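# A closer look at the structure
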Amino acid sequence: MTLLPLLSVFAATALAGLSTVDVPEFRLAVPAEPLSLDWNQASGSSGELVLENIMEGLARVGDDLQLRPGLASWSASADGKTYVFTLKEEARWSDGSRVTPTDILTSWRRVLANPERFPQASLLFGVVGARDFSEGRLKDFSLVGLSAQGSTIKVQLTTVDPAFPLYTAQAALFPVPTKLIESKPEHAFEVGTLITAGPYVPRSWSKGKEIVLERNPRYYGRPPKAQRVRLILEANPDKQRQMFMLGQTDALLGATPADELVLKLADKAFSPLQFRTLTTVVLGFNTRSPWTKELTLRRAVAHALDRTRLASRADRGWVPLSSLIPAGMVGFDGSFTPPFSPDQARALYSLLPPSNRPGQITILCEDQTPYREIASDVALFLERLLGVKGRINAVASEDFPSEARAQNFDLVLGSRRAEDPQPLPFLEAFRTGHPANWFGFSSLEVDRLLTAARLATAPAQALETLRVVHKIIARDQVVAAPLFQRTETILISPAVRGLMMSPLHRVYFSTVEM
């Protein structure tokens, strides 16, 4: 993005006498709309920005990453294999009817019965009989370890899983309105029919244009301060910036230092808000590539990475990171990653026989700012320190996952975003056969340790096991080198107060005050 085009647009529109409309609503441009308002279909897409503001789960994750009761409280049995969730008396759908245990069973049965349509069905596979039901080996849902009585629902697990209450905080396992699922199955999640139990209710959705949310007067929690939220659907980042400059929106997500400079030059009043998120950017190695299968080369490359300089060049306010688990999350440990050391990088590279020294390596990244620039800087470091040229293969974001899985590269630049406060998912990607294992890495020991960490009943035991995995991945095998932890900047207009983004990259509108 350059400064002159945006300044020209701002000046031209100001001269034309454009002014903002004084309406009691919070307006925000967002890059993507949900595929559906059916939260059972949620799978980590940006559409969850809407879903998580209209609905809640049995549990919820606070801004401090602590798990708290949402629509329900819960207790666990002494052996850790049974949970009982008790719905709050005040938990209501937006039409005034109570949220019931049946609404939970309907939701979870729906997810398990069609795993192709509902991709998060595996969250429930720890429940007795749930996997067999989902995969068709068990026909009778009443034999699954789920039962309802009064205001409670009992969950029986096959093995201990301390994280099970956390799963219920994910959109895919939110309860659904049973009466609508049964009476209007094809229209239950359409605007005008849908009822919700979150702080807002969708009032209109003009596909490709905007979604309007209205305050839910029957919400059980603290009433939202903003009566209405208008989400303008705009995928073009430059157009999002222009809309904020022209006063057509009240906040700008994903702002950069360049955006702030443009606004200052245009004498536009704004305030920047910065939030450190639990999203990491890592440089991964293809352990099956003819070049990067060599551990000595991987170590040399890891020592050649100047994270501080890379962060300054990224121009995003991102923080240099030396841990595969982000700062602010339990399990963070920066002692395993090889530090920046040009001398060590050159010394290791010199140990390679000439036949194992690549003249060129391929770096895969998404074709968007700042990933292209970061990949170019990595290539520059490698050429200056090791004499190895880097060829950048920048692909469209929608094609990146399949390209990464194809493993036609030596290095891959990617990001890892936390969906919950657990550190395990950041390391699960290195399990043999995992969909996000872009590195061709396979280790029976790592697989065993990851399973042990998942099944551990004591948090300290799980963390110590993950620490061993972290060491193997980052230091012993150098499968991936962490680069940054993303910091998100939101610019707000003077009229906005209370806008917050959680470390899990979630923006909640209920605290916004105009």
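Up top is the structure these notes are about.
What comes next concerns the included structure. All values reported here derive from a predicted model rather than from experimental measurement.

Conventions we followed
Residues numbered from 1 in each chain as written. Predicted model: local features only at pLDDT ≥ 70, side-chain atom pairs only at ≥ 80, totals over all residues. Heavy atoms only, no water. Pairing = 2+ DSSP bridges. Helix = DSSP H or I, 4+ residues; strand = E, 2+ residues; numbered from the N terminus. Axes fitted to C-alpha atoms, helices over the stretch in contact; angles between N-to-C directions. Parallel < 35°, antiparallel > 145°, perpendicular 65-115°, else oblique. Left-handed = near helix turned anticlockwise from the far one by under 90°. Contact = heavy atoms within 4.5 Å. Nonpolar A, V, L, I, M, F, W, Y, C, P; charged D, E, K, R; others polar. Polar contact = N/O pair within 3.5 Å; in protein donor to acceptor, adjacent residues only side chain to side chain. Buried < 20%, exposed > 50% of the residue type's maximum accessible area, 1.4 Å probe, protein only. Lys, Arg positive; Asp, Glu negative; His and termini not counted. Salt bridge = Lys/Arg side-chain N within 4 Å of Asp/Glu carboxyl O. Core = buried A, V, L, I, M, F, W, Y, C linked by side-chain atoms within 4.5 Å. Phe/Tyr/Trp six-rings, centres within 6.5 Å; stacked < 30°, edge-to-face > 60°. Lys NZ or Arg CZ within 6 Å of the ring centre and 35° of its normal.

### Describing the sheet that holds strand β7 (residues 152-156)
Across a sheet, paired strands are connected by hydrogen bonds in the backbone, their directions being either parallel or antiparallel. The antiparallel open sheet is built from 4 strands, whose spatial order is β4-β5-β7-β6. Unpaired on one side and paired on the other, β4 (72-76) and β6 (146-149) mark the two borders of the sheet. Going from strand to strand, the sheet's axes swing by 20° on average, the running direction of each strand aside. Bridge count between strand β5 (residues 82-87) and β7: 5 bridges; the pairing is antiparallel. Bridge pairing in β7 links F85 to I153.

### Section: the packing of helix α9 (residues 295-303) against helix α11 (residues 342-350)
Where α9 meets α11, the axes come as close as 8 Å, and the angle between the chain directions of the two elements is 160°. Compared by their axis directions, α9 and α11 come out roughly antiparallel. As for how α9 packs across α11, the hand of that crossing is left-handed. In contact with T296, L297, R299, A300 and H303 of α9, α11 contributes P342, Q344, A345, L348 and Y349. When the residues that make up the contact of α9 with α11 are grouped by side-chain class, the tally is 6 nonpolar, 3 polar and 1 charged.

### Side note on the side chain of R110
By the secondary structure assignment, R110 is in helix α3 (residues 101-113). Side-chain polar atoms of R110 contact the side chain of N40, separated by 2.7 Å. Apart from residues lying up to four places away in sequence, R110 is in contact with D38, N40, R117, F118, V176, I181 and F189.

### Comments concerning the environment of L385
The topology assignment puts L385 in helix α12 (residues 371-386). C-alpha separation for the pair L385 and Y349, spaced 36 residues apart in sequence, amounts to 9.5 Å. For L385, the contacting residues outside a window of four places in its chain are A304, F340, P342 and R346.

### Looking at the environment of W438
Mapped onto the fold, W438 is located in the loop between α14 (424-428) and α15 (444-455). Between the C-alpha atom of W438 and that of A406, which follows or precedes it by 32 residues, the distance is 7.9 Å. The residues touching W438, leaving out its near neighbours within four places in the chain, are F400, A404, R405, Q407, F409, V412, G414 and R416.

### Points about the side chain of E366
Tracing the sequence through the fold places E366 in strand β14 (residues 360-366). We note that E366 is buried and unpaired, the nearest opposite charge coming from R486 at a distance of 7.2 Å. In terms of polar contacts, E366 uses its side chain to reach the side chain of S397, at 2.7 Å. Those residues in contact with E366 that lie beyond four places of it in its chain are Y371, R372, A394, V395, S397 and F400.

### Some words on the pattern of salt bridges
Following the criterion strictly, the structure yields 27 salt bridges and no others. Of the charged contacts, one joins D132 and R137 as a salt bridge, the two residues approaching to 2.9 Å between their closest N and O atoms. Relative accessible area serves as the criterion here: at 33%, D132 is assigned to the partly exposed category. Within this structure, E25, E210, E214, R228 and R230 form a network of salt bridges that share partners.

### As for the nonpolar core
With 71 residues, the main nonpolar core has W39, W108, F164 and F509 as its most contacted residues. A169, F336, A436 and W438 belong to the second-largest nonpolar core, a separate cluster that totals 39 residues.

### Side note on the packing of aromatic side chains
With the rule as written, the count across this model stands at 15 aromatic pairs. With centroids separated by 5.9 Å and ring planes inclined at 75°, the aromatic side chains of F164 and Y167 adopt a geometry described as edge-to-face. Placement of the pair is F164 and Y167 together in helix α5 (residues 164-167), with a separation of 3 residues, close to one helical turn. No difference in accessibility class separates F164 from Y167, as the two residues are buried. By the ring-pair criterion, three or more aromatic residues cluster together here, those being W74, Y83, F85, W108, F164 and Y167. One cation-aromatic arrangement involves K207 over W205; the distance from NZ or CZ to the ring centre is 4.5 Å.

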